[in-house]
Structures are given as C-alpha cells and as structure tokens.
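What follows is the residue order along each chain.
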Amino acid sequence: MFRFVLRRLGAGVVLVAVLSTLTFLLLYLSGGNIARRILGQQATEDTVLQKKHELGLDRPLLTRFGDWVSHAAHGNLGDSWFTGQPVSDAISSRLAVTLSLVIGATVVSAVVAVVLGVVAATRRGWADRLVQFLSVLGFAIPGFLVAIGLVTLFAIKIHLFKPTGYVQFGESPTQWLSSIALPVIALSVGGIAGVAAQIRGSLLDALRQDYVRTLRSRGLSERRVVYKHALRNAAGPALSVLAIQFVGLLGGAVIVEQIFAIPGLGQVAVGATGQGDIPLVMGLVLAIAVIVVVVNLAVDLLQGWLNPKVRVS
Amino acid sequence: MTAVPLPPEAVPGVSAVEHAGVFRRLLKDPTGVVSLAFLVLTVLAGVFAPVLAPHDPDKASAADILAKPGGRYLLGADGSGHDILSRLLYAIRPTLEGAVLAVLVAAAIGVTAGLISGYYGRWFAGAASWVASLLMALPGIVVLLAARAVIGPSLFGAMTIFGILIAPAFYRVVHAAVSGVRQELYVDAARVSGLSDARIISRHILTVVRAPAIILAANLAGIAIAIEAGLDFLGLGDLSRPTWGGMLNDAFTNIYSAPLQLLWPSLAIGLTCMALALLGNALRDELERSGTPKRRRRAKRAPATVSVQREPVITHDEIAGSAGEELLLVRELAVGYDQPNGSVQTVVEDVSLTVRRGEVHGLIGESGSGKTQTAFAIMRLLPPGGRIVAGDINFAGVDLARGSEKEMTRLRGARIAYVPQEPMSNLDPSFTIGHQLTEPIRVSLGVGRAEARARALQLLERVGIPDPPRTFAAYPHQISGGMAQRVLIAGAVSCNPDLLIADEPTTALDVTVQAEVLDLLRDLQAEFQMGVLLVTHNFGVVADLCDRVSVMRAGRIVETGPVRSVFADPRHPYTKSLFDAIPEDSQPRGPLLTKETP
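Bear in mind the structure is a predicted one, so any value in this text is a computation, not a measurement.

Asker: Where do I start with the overall build of chain B in this structure?
Answerer: In terms of regular secondary structure, chain B is built from 22 helices and 11 strands. Taking all 598 residues of chain B together, the buried fraction comes to 49%. Of the contacts formed within chain B by residues at least 6 apart in sequence, a portion of 73% connects residues at least 24 apart.

Asker: Is there a simple way to explain the overall build of chain A in this structure?
Answerer: The helix and strand tally for chain A stands at 13 helices and 0 strands. C-alpha atoms of chain A, sized along the principal axes, occupy 85 × 55 × 35 Å. The proportion of buried residues among the 313 residues of chain A is 45%. Excluding contacts between residues fewer than 6 apart, the proportion of contacts in chain A whose partners are at least 24 apart in sequence is 73%.

Asker: Help me understand the interface of chain A and chain B in this model?
Answerer: Where interface size is given, it is often the accessible area lost as the parts come together that is meant. Across the contact, 66 residues belong to chain A and 63 residues belong to chain B. For the side of chain A that touches chain B, the leading source of residues is helix α10 (residues 222-260) of chain A, giving 15 residues.

Asker: For this particular structure, what's the right way to read helix α1 (residues 2-29) of chain A?
Answerer: Since the α-helix advances by 3.6 residues per turn, residues separated by three or four positions end up pointing in the same direction. The end-to-end C-alpha distance of α1 of chain A is 40 Å, a good match for the 40 Å that 28 residues give at a rise of 1.5 Å each. Those residues of α1 of chain A that are buried lie in contact with α4 (61-73) and α12 (278-306) of chain A together with α5 (122-136) and α6 (140-151) of chain B.

Asker: Where do I start with the packing of helix α15 (residues 433-445) of chain B against helix α16 (residues 449-462) of chain B in this structure?
Answerer: Think of two packed helices as two axes; the pair is described by the angle between the axes and how far apart they sit. All names here are of chain B. Packing of α15 against α16 leaves a shortest axis separation of 9 Å and a crossing angle of 120 degrees. One way to sum up the angle between α15 and α16 is to call them oblique. Pair α15 / α16 crosses with right-handed handedness. From α15, G434, L437, T438, I441 and R442 reach across to α16, where they touch R449, A452, R453, R455, A456 and L459. Considered class by class, the residues forming the contact of α15 with α16 number 5 nonpolar, 2 polar and 4 charged.

Asker: How do you make sense of helix α18 (residues 481-493) of chain B when you look at a structure like this?
Answerer: Residue and element names in this part refer to chain B. Helix length check: α18, at 13 residues, gives a terminal C-alpha distance of 19 Å against a target of 18 Å (1.5 Å per residue), a fit within 8%. Most of α18 is tucked away, with 11 of its 13 residues classed as buried. Within α18 the residues assigned to the buried category are M483, A484, Q485, R486, V487, L488, I489, A490, G491, A492 and V493. For α18, the elements touching its buried residues are β7 (416-419), α15, α16, α17 (468-473), β8 (499-503) and α19 (511-528).

Asker: How do you make sense of unusual backbone geometry when you look at a structure like this?
Answerer: A negative phi holds for most residues other than glycine; trans holds for most peptide bonds. Residue and element names in this part refer to chain B. Its identity is not glycine, yet D350 carries a phi of approximately 55 degrees, on the positive side. Looking at the element boundaries, D350 is found in strand β3 (residues 344-356). The exposure class of D350 is partly exposed, given the 17 C-beta atoms found within 10 Å. A positive phi angle, close to 55 degrees, is found at R380, a residue other than glycine. Judged by C-beta crowding, with 22 C-beta atoms within 10 Å, R380 ranks as buried.

Asker: It is not clear to me how the environment of A298 of chain A should be interpreted in this structure. Could you clarify?
Answerer: All names here are of chain A. Within the secondary structure layout, A298 lies in helix α12. Residue classification places A298 among the partly exposed positions, given that 14 C-beta atoms sit within 10 Å. For A298 and V5, which are 293 residues apart along the polypeptide, the C-alpha to C-alpha distance reads 9.6 Å.

Asker: I keep staring at the packing of helix α5 (residues 87-123) of chain A against helix α8 (residues 173-207) of chain A and nothing clicks. Help me out?
Answerer: All names here are of chain A. Interhelical geometry of α5 versus α8 gives an angle of 35 degrees and a closest axis separation of 5 Å. As α5 runs across α8, the sense of the crossing is right-handed. Class assignment of the residues belonging to the contact of α5 with α8 gives a composition of 22 nonpolar, 7 polar and 1 charged.

Asker: Help me out: how do you make sense of the sheet that holds strand β4 (residues 360-364) of chain B in this one?
Answerer: Sheets are built from strands that pair by backbone hydrogen bonding, the pairs being arranged parallel or antiparallel. Residue and element names in this part refer to chain B. One open sheet accounts for 7 strands, arranged β1-β11-β10-β4-β9-β8-β7; its pairing is mixed. Here the strands that pair on one side only, and so sit at the sheet edges, are β1 (314-315) and β7. Pairing of β7 with β8, which is carried by 4 bridges, proceeds in the parallel orientation. Looking at β8, one finds that A417 is bridged to L500. Here helix α22 (residues 573-580) sits on the sheet and contacts β10 (548-553) and β11 (556-562); the angle it forms with β10, its principal contact strand, is near 105 degrees.

Asker: Got a minute to help me understand the sheet that holds strand β6 (residues 398-399) of chain B in this structure?
Answerer: Residues and elements named next belong to chain B. Overall, antiparallel pairing links the 4 strands, which are arranged β3-β2-β5-β6 in an open sheet. The sheet terminates laterally at β3 and β6, the two strands that pair on one side only. Looking at chain direction, strand β2 (residues 326-338) and strand β5 (residues 386-395) are connected through 8 bridges and run antiparallel. Among the inter-strand pairings, V335 is bridged to a residue of β5, identified as I388. Contacting β2, β3 and β5, helix α13 (residues 371-379) crosses the sheet at an angle of about 110 degrees to β2.

Asker: When you look at the nonpolar core in this model, what are you seeing that I'm missing?
Answerer: Membership of the largest hydrophobic core comes to 266 residues, with the highest contact counts inside it found for L284 of chain A together with A106, F170 and A224 of chain B. Tallying contributions element by element places α10 of chain A first for this core, with 21 residues. Each residue touching F170 of chain B, except ones within four places of it in the same chain, is listed here: A106, A107, G110, V111, G114, A213 and L216 of chain B.

Asker: Would you mind going over the environment of T560 of chain B with me for this structure?
Answerer: All names here are of chain B. Tracing the sequence through the fold places T560 in strand β11. For T560, a count of 24 C-beta atoms within 10 Å corresponds to the buried category. With 99 residues separating them along the chain, T560 and E461 place their C-alpha atoms 36 Å apart. Not counting chain neighbours up to four residues away, the residues in contact with T560 comprise V313, T315, L353, V549 and S550.

Asker: Quick question: what am I supposed to make of the confidence of the model for chain A here?
Answerer: The predicted coordinates should not be examined in detail at positions where pLDDT is low. Of all residues in chain A, 97% attain a pLDDT of 70 or more, and the chain-wide mean is 84. Ranking the helices and strands of chain A by mean pLDDT puts helix α9 (residues 210-217) of chain A first, with 92, and helix α13 (residues 308-312) of chain A last, with 67.

Asker: I would appreciate a short explanation of the confidence of the model for chain B in the present structure.
Answerer: Residue and element names in this part refer to chain B. Overall, the predicted model of chain B reaches an average pLDDT of 81, with 88% of residues at or above 70. Across chain B, element-level confidence peaks in α17 with a mean pLDDT of 92 and bottoms out in helix α12 (residues 298-301) with 43. Ignoring residues within four places in sequence, the model shows residues 1-19, a span with pLDDT below 50, making 70 contacts including any to other chains. Of the regions scoring below 50 in pLDDT, residues 291-308 engages in 27 contacts with residues more than four places distant in sequence or in other chains. The ipTM assigned to the predicted complex is 0.82, against a pTM of 0.81.

Asker: For this particular structure, what's the right way to read the pairing of β8 of chain B?
Answerer: For a regular strand, side-chain orientation follows a simple rule: the groups alternate between the two sheet faces. All names here are of chain B. Counting buried residues along β8, 5 of its 5 residues qualify, which places the element largely inside the surrounding structure. Burial along β8 is two-sided: L499, I501 and D503 facing one way and L500 and A502 facing the other are all buried. In this sheet, strand β9 (residues 531-536) lies alongside β8 in parallel orientation, the contact comprising 5 bridges. Bridge pairing in β9 places A502 opposite L534. Handedness of the crossover is the feature at issue here: the chain leaves β8, passes through α19, returns alongside β9, and the resulting connection is right-handed.

What counts and how
Residues numbered from 1 in each chain as written. Chains lettered and ligands numbered in written order. Predicted model: local features only at pLDDT ≥ 70, side-chain atom pairs only at ≥ 80, totals over all residues. Helix = DSSP H or I, 4+ residues; strand = E, 2+ residues; numbered from the N terminus. Buried ≥ 20, exposed ≤ 12 C-beta atoms within 10 Å, placed from the backbone. Contact = placed C-beta atoms within 7 Å. Expected span 1.5 Å × (residues − 1). Axes fitted to C-alpha atoms, helices over the stretch in contact; angles between N-to-C directions. Parallel < 35°, antiparallel > 145°, perpendicular 65-115°, else oblique. Left-handed = near helix turned anticlockwise from the far one by under 90°. Nonpolar A, V, L, I, M, F, W, Y, C, P; charged D, E, K, R; others polar. Pairing = 2+ DSSP bridges. Core = buried A, V, L, I, M, F, W, Y, C linked by C-beta atoms within 7 Å. pLDDT = per-residue confidence, 0-100. Right-handed = clockwise from strand over helix to strand, strands pointing away.

The structure is reproduced here in structure tokens:
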C-alpha cells in the first residue's frame, strides 16, 4: 500500500516536472520582446535593456530555468511582471475560490449522477431513455452556454441570484452559497451527464452479475442489493470518470468565472496568458498540475478502497 | 467544453466483425437522420455563406447598433451594428475547419500510435500509454491559454494543439481494438499465409477500428467546437473575423439591453455540438444493435416449447413410507420471456413437482431444458424479462407465484435458500466473505453483529473450511473455487432454511472436490431436515443424493418418481437415452486392438 502511494507520487512528480519544463521552454523560446511588451511602445531602448536585465532575460535560458526550479522548490514562484505581486500570493488568494467552484461542482455531479444513474438502471423504460438522452445532451452542450442561460434566466429575468460577484465564505456563508450556486450548477451539467451515463452502464453490468441473484436469494432487500452491493461494484469506473471530469472542471471554471465575474484562477489565467506574464503563467501551470496530481492520487487511493483486488496487488 | 476526454460510452466495445450497412441503417434512425441533415445543412450554409449572407459581415453601421430582429436585419444587429445572420453564416466555415483540423490532428497521431502499439506492442505501447495519460491529465483549456501566450490568437494553432491534447482518445480506442484483433485467429492465419504487416493492418485491422473511430471523431468534433467557441468567448481568439464565441461575447456584454441576441450564437454552438453528439450516439446505437443478437442470455437460448407436443408425464408409483410433509408444491408452472415484439417466449411449461421435508428432489435434464429456469421461478429470481406466466407455487401455505416482493424477500434466505452453480461469480468481489455471511444472518434473523459473526465462523467450520477466521476476513478472489462453494453453502444454510434450491452445485468444481461438496450437502440436509431441490445434469449425482427425480426436457417434465423406481424402470425414451449416455453403464472397453495383438 505504502509502495503503491509512493509510486503514484513519483509518477505525479514526473508529471509536474515534465509539464513545468515544457511550459518554461515554450514560453521563453516563443521569443517576442517581453521587456518591450511590458514597457510599451514609448519606452526607450535603454529602459528596455534595463528591464531585460531586471527580469533576468539577458541570462542563458538554462540558468534561468535552474533558478526558477530552485526558487519554486523553496515556494518562491517569483513576482508577476505586470503587477509586481508575488505569484504565490496571486494564486493562493484565488485558489480557494476556484476550488470551491470545482469541488462544489464535483460533489453536485456525483450526487445527482448517482441518483439519475440508479433510476435509469433500475427503472429502465422511459426513465432510462430520458436519462440517456439527457446525458448525451448534457455532455454535448458547452458549460458556458448553460452558464449564460442560467444568468439570463435566474439573475436577469427573475432576480433569484445576483448575476455576478463572489462573496467570501467568511463574510457570509449564505451569500457565499448564493454567489457560487449558478456557477456550480453550470459547471456540474457536463459532469452529471458523464458520470450518470457511466453509473447507469456499470450498474446495469453489476446487476447482471450472478452474485446479485445470490444476494437476493439470501433475503437482502432490493435497496441493499442495489445501493450497497451493486453500486459499490459500479463505483470504480464512475469514479474514474469523475476524476476526468474534475480535471475538465478546472478548465471549465476558466470560462464560467469570466461569465459570473468570479475572481478565481481562471481570471488570473485569462489575464496572465493574454499579457504574456510568464512567471504567473508558470505558477498557474504548476498549481494546476499539482492539483491534478493530488486528485489522481486521491482517486487511486479511493479505487483501492473500493476494489479489494487493487488493494492487495 | 468541460472535459477534453471522450464522453463515456461514446465508443462501443469493438467487435471483430465489420458492421456493413450501419450507415445505411442510420438513415432509418430519426435522431441520426435529423442530426446528419442538420450538419449537412450547416456545412452547406458555411460553404455558401458569401451567397446566402444578406449583408457584409464586417460592415458596421452605427445607426443600427442593437437593431431589433426583423426588417433590414432578420436576426437583428449586434453591439457594433453588424448583421447577426451574416456573421453567423460567415463564422461556420472557420469553426468547422478548426474542428476538422483538431480531429484530423488527433486522428493522425492517435490512430498511428494506436496501430503501432496495438500491433507491435512492446516498449512503444508502454511509452505511448504513458504519454496518453499525461496528456489526458491536463485541463485542455488551461493548456490552450498557456499556448496562446506563446503562439498568439491563432485559431488553427490552437486547434492543432487541441488535436494533440485529444489524440489519446483515438489512441486508446485504436490500441484496444487492435490488440484485441491481433489475437484473433484470422489475423494469425493471414500472417501465416504470408501477408505483409501493412496488408494485414489495412485489410483486417483498419476495418475494425473504422466504425469506432468515426463515432469518436463525431464526438470530438463537438468538443472541439465547444472549445473554439469558449476561447473566442473569452476574447482570446482571432478577433479579426466573426466567430460564434465572439458573437456570444458581444451579446453577453449587452445582456441587459438585448438579451435575445444571446440566443442566436448559443443556438448555433449548442445545436452543432448536439447534432455531432447525437450523430455519434446514433451510430453507436446502430453498432450495438447489430452486435446484440450474438450475445443472447443463456436463459433465452432455451428452446421454445410451443412446438413440443403435449404428452402425459410418466409418473412412477410412490414407495411406501416416503411421504413427509409437503414443503413445496409446484403446479403447472409456466415461465416465459417477454420478447421485443411483444410476444412471450415460453421456456418452461406445465411443470409440476413436489418437494417434501427431509427429501432431496433431483431435477435433471440437458442444458436449456428449463430446469434452472424452474428453480429461479420458485425463488422469483428470474432474469430481467422473465416471469411466471401460469401455475401455482405453494410453499408452506404461501403462493410464491403471486406473493408480493416484500413477502418474497422475507422468505428468501430465511426459509428458502439457494446454492448457485458457479462459486466464484456468486460472491460479491467487493466485500469480505465474513461480511457476505453475516449480512443475511443479521437481516433475516435480526441478531447483532457479534452473534452473527460467531454463527458465521461456526458455519465456516461446519462446512469444512480449515481456518475459519482467516477465510472470514478474506475477499472472494483470495480463496479457491472449492472453498467458495463451501462458503456459499454455509451462506445458504445460515438461517436454517426449510427448502434448499441447489443449481448444479458441483458442476464447476474439480472431481475430488465435487464428491466432498456432495457429502457436505447430504450431511447438512439430514442435519437441518431440509427439503432440497437439486438441479443437475448428472445421473451420478441423482443416484448419490436424491430420493425423487424429475426428468426435464424442452421445458417440460417427462418422467417423475422415486429415484429407485425411475432407475430400475426408465420408461420415457428420453430418460432411457440419458441412461444410455452414462459411460458407467456401458461395457468396459477392451484394450485397443493393434496388429501385435493376437
């Protein structure tokens, strides 16, 4: 078990390293006069050269990369070129916002998808066809269209929610909930669709297994058979889909944050990539990669808990 | 847009058979036709946009800012005074070109890598799947944002990168299909007959991956369009020409003054994505439909009995002294399966049998004769679609054929128990043996955890498990088939049932283990004074264990009576033929005659 975790962690570190290296090289090799872009067209050649020196752009690429790695290892991701704010501050202050959206959407997806998947698999008939149809649609319709639809309907036509803005949890938990409700719903649609289809499929598979008949023959109620035994066996594949959804949600959050004017990582990402704020982009890529690695590790551990065969071997 | 990876279940299990005519049949599926028609129209509209568009899409007219639909502008004019309809039409081409580019890049990389790793395997497969999982672990849009910082706002650049990001989807499908097909005999045959690898790949392997790859392409094209629109909506795309995402952005800034304008680009994006997804889905359905008849369920293979001539059951006389309390009385039972066309296929008909307390009743017949169906019907555990069509099942005063599901749940386990045929597949792989034993005990007998545990351990010991606490804590995959069958028998008798239904309890076991399990069943039957309905196809087992036997054939009982009478005097030709088929009854064969033998 310990070795399993260690190996997955190792793989995660490799992923983060490969990704940071690639991003770093691509960002700097892409050329362009970064100092000029920061200072604007009016700046003199001298000030541009000075800025270059200030940013360390006149040093060899490998040296810069080595510096970035050693600083990053000590938790120092540098400062934003445009605002001067430390990158780690810029990210950590917004990380909680994005994570509350993404985690909220994951929880909502999981709960709703289990309900829909179970209904589809156990009721069959029209309920099943409806769930299948909805999951194809839910998967196909881009989340931002859902978000725009929700804003138009619930914030502009009927004033149930505020169209934009984010309230800190510490400020007012109820307003926090209200401020993330629409974005979370918008983000969840795709996840619900994907996970519900998976749960339906693997639950149907599980219910076809011989052991389900035997469990029924032992006098267990239908509820126990479905929710405890079949669902437990169907949970593995669904969890994998949910993990993939989580990664997708990090991307989806970028657009949804823009629509609801929520100050999360997505806003930073759009700003930083538009300006070419390399330290900030590096920090973002690193943060996302670490989140992805942590989530995948958590999913692997959960899979082990769900499936005893994985656990033992 | 939420996720780069392919939608779940988007790709069916690839069967080795090429489904010719799938696309022709697609035209009979309404969803397929509608989505295909929509996509064709969209493509045409995009190609002929310069002809169709009523206005120059880039000509802004300050006087017409946010003009209402109708009049000069069919769908109105946007926040800068552009004609919305014209812009929508002109945006089709780059949108579709971008999506096609992404899919082509993904297919080129993914299919090639999948073919190589599936066909040749080895180190390439390992490396490729590592890269694939690396790419799949990335949030696509974040990578595209980072890439934009490098390559600038280029649609085709972004879509090329996106194509690389989604290539793993193709890779996985092709790799799985090819490594499946590679093991097929006809590929071996082709190799042996001297075909080159290239010929084999193009003749036998590409045909297999074609259909799933097309379905995947449809789904991925939808995702690519969503991503394109998302980037444009964020203002990160090419701003010099009209795009659906850009129009959405423009409309979004005017959401208070002209909310209707959001509708047009939303419809364009939403409908195109939906059409692609539904097309993929319809294709998958068609493929699955053409694949299903091959894997029909065992139960349904039982021949229809309608054609079998109704004949009287040969009943042997009772032997005096054998009459115990009648536990189970089945009268004229018929079991049928609902067919898709509304008819009912009967697999068991007119079955009557009696099981007395303390008696073992053997139900014997060939595979598909309906004996297992009869057993499932008594427990009311028929597979989906199956139901009791006629007859009564009387168990201790309760009519099982008509009892409520709640009543059945109460009887099962506590009074009617079941021992299945295949031990390993009848234990829930996710729970320990101990859990699977104690759960029914606690539910049926209403005892506490500790008491249930003590009883389970005692039962494991009783059925001859050498180290009960260890097996109690083990998972099903950690024990042998013989042990698993003992566990299942322990589970069956755990609540002191009156009736035990054993469905070929020894068929899946080694010969030596078979004898032990039969001994165990006999001992337990005597110990608990159970009535047993033993389903088997083995006359040896019947002779060994049963007091009474019913011979089933084609869904009916043809002969029944005390074992001794039936064995002494089999009357039905089918029963006789079964006896003739037993090797023990025939003369031992002499040594093989060779030339040397005098």
